[in-house]
Amino acid sequence: TENDGQGSEDDGSTSEDDDAQFQRMKEMAAQQKDQGNAFFKKGDYNSAIACYTRGMTADPTYAVLPANRAMALLKLEKYPAALKDCEVALSLDPGYVKARLRRATCLTGLGHHEEATTEYQAVLKLEPGNKQAKADLLKLQQNGSSTSKSRRSSRPRSQKPLFRMHID
């Protein structure tokens, strides 16, 4: 049963072709990332998104691409789509701090302040000196405390008549 006639001999060309194709796709993804970054720097976020998307198609394992697309989506305030991209990037690389930081920004934009706080704290566990995470967390905490105070003061008072209660 060592050779059952199924052609167990391999000339290696298929493997080399696959490797070459794989390498071309990786290179294309990197080129799309660079092109997207150039568009991003110019403020052309839609073109950047298109480049990052093409790059993701070429190499769906490259965590930088969905993270970069998330940043461009954030600039356009498309928080739900940006959040999905952050989650894709983190599924590919759970320790990717930029993706985690962008996820926190998305959560803040969506009004999910408790989740955002947790995410900023996770960033600071991974990188205790991360200035952006510290600043954004502080801003979130300051806004949270002023928001809760303003909510309390703007709540409509009960319309029930007040009465004096005598306690003996």
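Each remark here, short or long, concerns the structure printed above.
These remarks concern the structure in this document.

Let's shift gears to the packing of aromatic side chains. Enumeration according to the criterion identifies one aromatic pair in this entry. Judged by centre distance (5.1 Å) and plane angle (65 degrees), the ring pair of Phe 40 and Tyr 45 falls under edge-to-face.

Below, the discussion takes up helix H2 (residues 45-58). Residues lying three or four places apart along an α-helix face the same way, a consequence of the helix completing one turn every 3.6 residues. Here H2 contains 14 residues, and its C-alpha end-to-end distance of 20 Å stays within 8% of the 20 Å for a straight helix at 1.5 Å per residue. By the burial criterion, the buried members of H2 are Ala 48, Ile 49, Cys 51, Tyr 52, Gly 55, Met 56 and Ala 58.

A few words now on the side chain of Thr 117. You can see Thr 117 is positioned in helix H6 (residues 113-126). Judged by its relative accessible area of 18%, Thr 117 falls in the buried class. In this view, Thr 117 contacts Leu 137 and Leu 140; residues no more than four positions away in its chain are not counted.

Next up on the list: the nonpolar core. Counting 27 residues, the largest nonpolar core has Ala 82, Cys 106, Tyr 120 and Ala 133 as the members making the most contacts within it. Excluding residues within four positions of it along the chain, Ala 82 makes contact with Ala 70, Leu 73, Leu 74 and Cys 106. Core analysis: the second largest hydrophobic core is formed by six residues, Ala 63, Ala 89, Tyr 96 and Ala 99 among them.

Another aspect to go through is the side chain of Asn 68. Within the secondary structure layout, Asn 68 lies in helix H3 (residues 64-75). Aside from chain neighbours lying at most four places away, what touches Asn 68 is Lys 33, Asn 37, Tyr 52 and Arg 102.

About the cut-offs
What you see as residue numbers is a count from 1 along each chain, following the sequence as written. For a predicted model such as this one, the threshold for reporting local features is a pLDDT of at least 70, and the threshold for listing and counting side-chain atom pairs is 80 or more; totals across whole chains, interfaces and linings nevertheless cover every residue. The side-chain figures draw on all heavy atoms in the structure; neither hydrogens nor water molecules are used. We call Phe, Tyr and Trp rings a pair once their centres come within 6.5 Å, taking the six-membered ring for Trp, and we label the pair stacked below 30 degrees between planes, edge-to-face above 60, and tilted otherwise. Helix and strand assignments follow DSSP, with helices taken as H or I runs no shorter than four residues and strands as E runs no shorter than two, numbered in order from the N terminus. Helix span, as expected, comes to 1.5 Å for every residue beyond the first. Remark: exposure states derive from per-residue accessible area (1.4 Å probe, protein chains only) relative to the maximum for the residue type, with buried under 20%, exposed over 50%, and partly exposed in between. Residue contacts follow a heavy-atom distance rule, with two residues in contact if any of their heavy atoms lie within 4.5 Å. Nine residue types can take part in a nonpolar core, namely buried Ala, Val, Leu, Ile, Met, Phe, Trp, Tyr and Cys, and a core is a set of them joined through side-chain atoms within 4.5 Å.

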